[in-house]
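Here's the letter readout for the chains.
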Amino acid sequence: MYLENKNNLEVELTQKGAQSNQSHRKSKAVANNFGGLRLLEGFSEMRETVTPSHCVVYEEDFSPVHEEESNNFSVIKFLKGKTKRSGYNEKSPLLKMSSEDEGITYMALHDPTFTNGDESWESSSAELEKRCHLGSEVTSLSRSTSTEKSDPLDNLNLNFTLSNSLRYCLSICKISTIFAIVIICSLLFSMYPDRESPWQMIAVSSDERFSMNLTEFRDNALLKVQVAGPFIDNMAGETTEEYVVVQVEQNEEAGSRRRRPQQVLYNWTIPVNSQRNDQILKTRTFEVTNSGPISISIQALLQDTQVVPLSMSLQSLYASVETQVVIAGVILAGVYALIIFEIVHRTLAAMLGSLAALAALAVIGDRPSLVMVVEWIDYETLALLFGMMILVAIFSETGFFDYCAVKAYQLSRGRVWPMIIILCLIAAILSAFLDNVTTMLLFTPVTIRLCEVLNLDPRHVLIAEVIFTNIGGAATAVGDPPNVIIVSNQDLRKKGIDFAAFTGHMFLGICLVLLTSFPFLRMLFWNKKLYNKEPSEIVELKHEILVWRLTAQRINPASREETAVKYLLMQKVLTLESLLRKKLKTFQRQISQEDKNWETNIQELQKKHRISDKILLVKCISVLGVVIFTFFLNSFIPGIHLDLGWIAMLGALWLLVLADIQDFEIILHRVEWATLLFFAALFVLMEALAQLQLIDYIGQQTAVLIKAVPEDHRLAIAVILVIWVSALVSSLIDNIPFTATMIPVLLNLSQDADVNLPVKPLIFALAMGACLGGNGTLIGASANVVCAGIAEQHGYGFSFMEFFRLGFPMMLMTTTVGMFYLLAIHVGLGWNT
């Protein structure tokens, strides 16, 4: 049967060999579909496999087949007999692997007995092409017993079983709908040019006023005015008596109730820096009531007769604030729908949202240029992530993470919950002094290895750790980016909110939050089984299958050798899956119990998990210690002119030199490029939403609600509104731009004589809500995304809903405790000065 099929195959290939164009297209199809081979379930006597000539497969029941007609077909020594195969098992090296399963034997890819490799490849390529058309169908078999994430349609929690045809139709509809939206957004973005708002240089003083008239404005549009000059960043309050006043005036047409036109006047006051040494850009939009002419006048109110140089730019927007906010809300909801239901990968969802937001800006007449979009990306955060990923990748080669996992197991004396509490507490303490992202980059590999040792599911433990990382980051002025923004504001420092005052105030509240968080976390995990429901041997085998498959999927065959390697990887997957089926029949599923013989296990683990490279470990600890120490000093010593991103990049460069890394591909494969791209797309999305007035609108509406409250209860309502609005908004969008936007809003409220509110309770409520709100969703904080990316790289990725089920209740509880703490000390005790 085997010879008959092979002869028919060669005849068919010979007839098609003359068609060079078809053969060329066929070769490309083979390269794309080369993921494995199709297994026929009813084919029990013989399984025909497809390999390149460098990796010949033989059957136990058949002698090796060599065709004399193929002059270039390589002759390989046949390894025969059980004695030669007995030394191999499912954990043998891939390219020197042999499996007794179904009688298949694999030769090494670079075996010294090979003849000329080029000739072998050329002669067997036709046969290889024909057989490998079945390769793309191996995935259906592999997915049946794998722990890999299923199709996104499986995550919709449907209560009925979809047929294959219906599932295929839904998949086509999903792709078609998303592609149609992308095409529409691309067309809209390409139809409008980049905004061309020429800058006009002017000079004003106390005696000279600049005036101009504008015409040809659409109805219900916005006038965007940008003024650059020696201004004070944010609001200066009582720190200066010099201002620049911008007046926008328009006559509103007479209506049915008015016989004469009414004058609409907007005043915009900008504080001027007395040093005249900084150029600050200020932007504000004014509502245009009709298409009539608009008068703009600019005058300076100075204490002397000096001239203030300014540059001004005017631009017309074709959508009202409410319309822009609605568009921004729809885009944000669409992005969350894609992420929540896992319709596409979160990185692609962020990119799609960015494209939609940019298309919306183009339609309203505010399309940014490519240079401006690139400037929206926070490269300091990306540099910090990239540098720390390089450091952790090299650090993991020393075996230090396995060693720490064993020590944590020994410290907890084999008990799971004490170990989880210790890990969460250490993560919270470290994140109070380090960046949350840095903390999770160091803790995630240790936690994953520890859970593998204890046969625990790492997902729930990682989610608990990142939750406490965000909580601990709120305790100090350097633990979370919103806190850094607050203590760096010069106006707030003049109000008495400096590093010491902020840390002392927030530290006490976060301690109370931590005390209540541990029992609540235990309550959330009450019905969750932390142990895997299968023996550790089966769990490890499933995870190994997933890792092998992910490795195969990452190979993009660009040559015959890479194609062969990818094929061997899929063969390894199939062999391990066959072994898994046998073990699943042998072992009975049982819930593992906590180790009672933990002392014996510790001794065995200590022998197995040791430091593999002590010299490299010393280098890594030295460099990482210097980097973390510099992180800490950067917040206190202004003489260090390095941001966190620069420090991480320099540390990565130091360690690359000391470790004498020769193969950069190995290190670069450990970098989470998808996570970095997600952050870049997320920065563009959030800045575009800010350009669509979403964040400003939220801040303004919060201020309106506070002003509407009676004065007797205004402080308490203001604290409740600010902390909950901050927490909920920070769960949905980035808390950094929201914090930067809310600071001037709260300062205006505190300076408004009609409102009469102290600024400290409002600022502390903003900080508490912005930091704790990051636990609400998976993309609420940078540490969440980083932890999910690293876990996914190790084969333990968790979805949006898995994080939401634990993170959102924790966010509600911690925000409630923080609210009562602020109400007690500010409303009850009057700690407002």
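Residues numbered from 1 in each chain as written. Predicted model: local features only at pLDDT ≥ 70, side-chain atom pairs only at ≥ 80, totals over all residues. Heavy atoms only, no water.

Right, let's talk about the sheet that holds strand 5 (residues 222-229) for a bit. On the basis of which strands lie adjacent, the open sheet formed by four strands has the order 3-10-5-8 and antiparallel pairing. This sheet does not close on itself; its edge strands, each paired only once, are strand 3 (200-204) and strand 8 (280-287). Between one strand axis and the next, the sheet turns by 30° as a mean value, whatever way the strands run. Relative to strand 10 (residues 308-317), strand 5 is paired through seven bridges, and the arrangement is antiparallel. (Pairing = 2+ DSSP bridges. Helix = DSSP H or I, 4+ residues; strand = E, 2+ residues; numbered from the N terminus. Axes fitted to C-alpha atoms, helices over the stretch in contact; angles between N-to-C directions.)

Turning to the packing of aromatic side chains, a few remarks are in order. Within this structure, the stated rule accounts for 13 aromatic pairs. Plain terms: the ring middles of phenylalanine 468 and phenylalanine 518 are 4.5 Å apart, the flat faces sit at 20° to each other, and that makes the pair stacked. Here the residue phenylalanine 468 occupies a position in helix 14 (residues 458-473), and phenylalanine 518 occupies one in helix 17 (residues 499-524), the gap between them amounting to 50 residues. With respect to class, phenylalanine 468 is no different from phenylalanine 518; both count as buried. Counting every residue linked through ring pairs, the aromatic cluster contains Tyr336, Phe800, Phe804 and Phe808. It is arginine 367 that lies over the ring of phenylalanine 189; its NZ or CZ is 3.9 Å from the centre. (Phe/Tyr/Trp six-rings, centres within 6.5 Å; stacked < 30°, edge-to-face > 60°. Buried < 20%, exposed > 50% of the residue type's maximum accessible area, 1.4 Å probe, protein only. Lys NZ or Arg CZ within 6 Å of the ring centre and 35° of its normal.)

The next point concerns the environment of alanine 708. Its place among the elements puts alanine 708 in the loop between helix 25 (694-707) and helix 26 (714-732). According to the relative accessible area criterion, alanine 708 is exposed, its value standing at 63%. In this structure the C-alpha to C-alpha distance between alanine 708 and valine 755, which are 47 residues apart in sequence, comes to 9.4 Å.

Bringing helix 12 (residues 416-433) into the picture now. An α-helical turn contains 3.6 residues, so a residue and the one three or four places further along point in the same direction. Between the first and last C-alpha of helix 12 there are 27 Å, a value that for 18 residues agrees with the 26 Å anticipated at 1.5 Å per step. Buried residues of helix 12: Val416, Trp417, Met419, Ile420, Leu423, Cys424, Ala427, Ala428, Ser431 and Ala432, and no others. Lining the buried residues of helix 12 we find helix 11 (400-411), helix 13 (436-454), helix 14 and helix 17. (Expected span 1.5 Å × (residues − 1). Contact = heavy atoms within 4.5 Å.)

A grouping of Leu425, Ile429, Phe433, Phe499, Phe632, Phe636 and Ile637 is seen on the molecular surface, where their side chains present a nonpolar patch of about 590 Å² in accessible area. The greatest single-element share of the nonpolar patch, amounting to three residues, is contributed by helix 12. Among the residues examined, phenylalanine 632 registers a relative accessible area of 31% and is labelled partly exposed. (Patch = residues over 30% accessible without salt bridge, like charges linked within 9 Å, V, L, I, M, F, W, Y side chains within 5 Å. Areas by Shrake-Rupley, 256 points an atom, 1.4 Å probe, with all protein chains shown as cover. Salt bridge = Lys/Arg side-chain N within 4 Å of Asp/Glu carboxyl O.)

Let us now look at the pattern of salt bridges. One pass over the structure, following the stated rule, counts six salt bridges. The residue arginine 459 makes a salt bridge to aspartate 457 at a minimum N-O spacing of 3.0 Å.

Here we take up the environment of histidine 460. Here histidine 460 shows up in helix 14. On the basis of relative accessibility, which here comes to 19%, the residue histidine 460 falls in the buried class. Sequence separation between histidine 460 and lysine 528 is 68 residues; the distance between their C-alpha atoms is 8.9 Å. Every residue in contact with histidine 460, bar those within four places of it in the chain, is listed here: Phe525, Lys528, Leu530 and Leu806.

Turning our eyes to something else, we now look at the packing of helix 27 (residues 735-751) against helix 28 (residues 759-772). In helix packing, the relevant descriptors are the interaxial angle and the interaxial distance, both defined with respect to the helix axes. Close contact between helix 27 and helix 28 brings their axes to 10 Å; oriented N to C, the two are set at 165°. By the criterion of interaxial angle, the relationship of helix 27 to helix 28 is roughly antiparallel. In the crossing of helix 27 with helix 28, the sense of the turn from one axis to the other is right-handed. Counting all contacts with helix 27, which are made through Asn735, Phe738, Thr739, Met742, Ile743, Leu746, Leu747 and Ser750, the residues of helix 28 involved are Val759, Leu762, Ile763, Leu766 and Ala770. Tallied by class, residues from the contact of helix 27 with helix 28 come to 10 nonpolar, three polar and no charged. (Parallel < 35°, antiparallel > 145°, perpendicular 65-115°, else oblique. Left-handed = near helix turned anticlockwise from the far one by under 90°. Nonpolar A, V, L, I, M, F, W, Y, C, P; charged D, E, K, R; others polar.)

A few words on unusual backbone geometry. Its identity is not glycine, yet glutamate 342 carries a phi of approximately 55°, on the positive side. With respect to the helices and strands, the residue glutamate 342 is situated in the loop between helix 7 (321-340) and helix 8 (346-363). Using a relative accessible area of 17% as the deciding quantity, one classes glutamate 342 as buried. Non-glycine residue glutamine 693 carries a positive phi angle of around 70°.

In this section: the pairing of strand 10. With eight of its 10 residues buried, strand 10 lies for the most part within the structure. Relative to strand 10, strand 3 is paired through five bridges, and the arrangement is antiparallel. Note on strand 10: the bridge partner recorded for valine 204 is valine 308.

With that settled, the discussion passes to the confidence of the model for the chain. When pLDDT is averaged along the chain, the result is 75, and 74% of the positions lie at 70 or above. Model confidence for the chain, summarised as mean pLDDT per element, is weakest for helix 5 (residues 138-142) at 36 and strongest for helix 8 at 94. Every residue in residues 1-160 scores below 50 in pLDDT, and together they form 229 contacts with partners more than four places removed in sequence or on other chains. Confidence over residues 588-595 falls short of pLDDT 50; this stretch has 21 contacts with residues more than four positions distant or in other chains. (pLDDT = per-residue confidence, 0-100.)

Below, the discussion takes up the side chain of threonine 469. Along the chain, the position of threonine 469 falls in helix 14. For threonine 469, a relative accessible area of 0% corresponds to the buried category. Residues within four places of threonine 469 in sequence aside, it is in contact with Ala427, Ser431, Asn436, Thr439 and Met440.

Contact geometry of helix 28 with helix 30 (residues 800-828) gives a least axis separation of 10 Å together with a crossing angle of 165°. Here helix 30 runs roughly antiparallel to helix 28, going by the angle between their axes. Handedness of the helix 28/helix 30 crossing: right-handed. Two secondary-structure elements touch here, helix 28 through Pro761, Phe764, Ala765, Met768 and Leu772 and helix 30 through Met811, Thr814, Thr815, Gly818, Tyr821, Leu822 and His826. Of the residues assigned to the contact of helix 28 with helix 30, the class counts are eight nonpolar, four polar and no charged.

Take asparagine 775: it is sitting in the loop between helix 28 and helix 29 (782-793). On the basis of relative accessibility, which here comes to 0%, the residue asparagine 775 falls in the buried class. Side chain to side chain, asparagine 775 and asparagine 470 meet in a polar contact 2.7 Å long. (Polar contact = N/O pair within 3.5 Å; in protein donor to acceptor, adjacent residues only side chain to side chain.)

Turning next to helix 28. Here helix 28 spans 20 Å end to end across 14 residues, near enough to the 20 Å set by a 1.5 Å rise per residue. With 14 of 14 residues buried, helix 28 is to be regarded as a mostly interior element.

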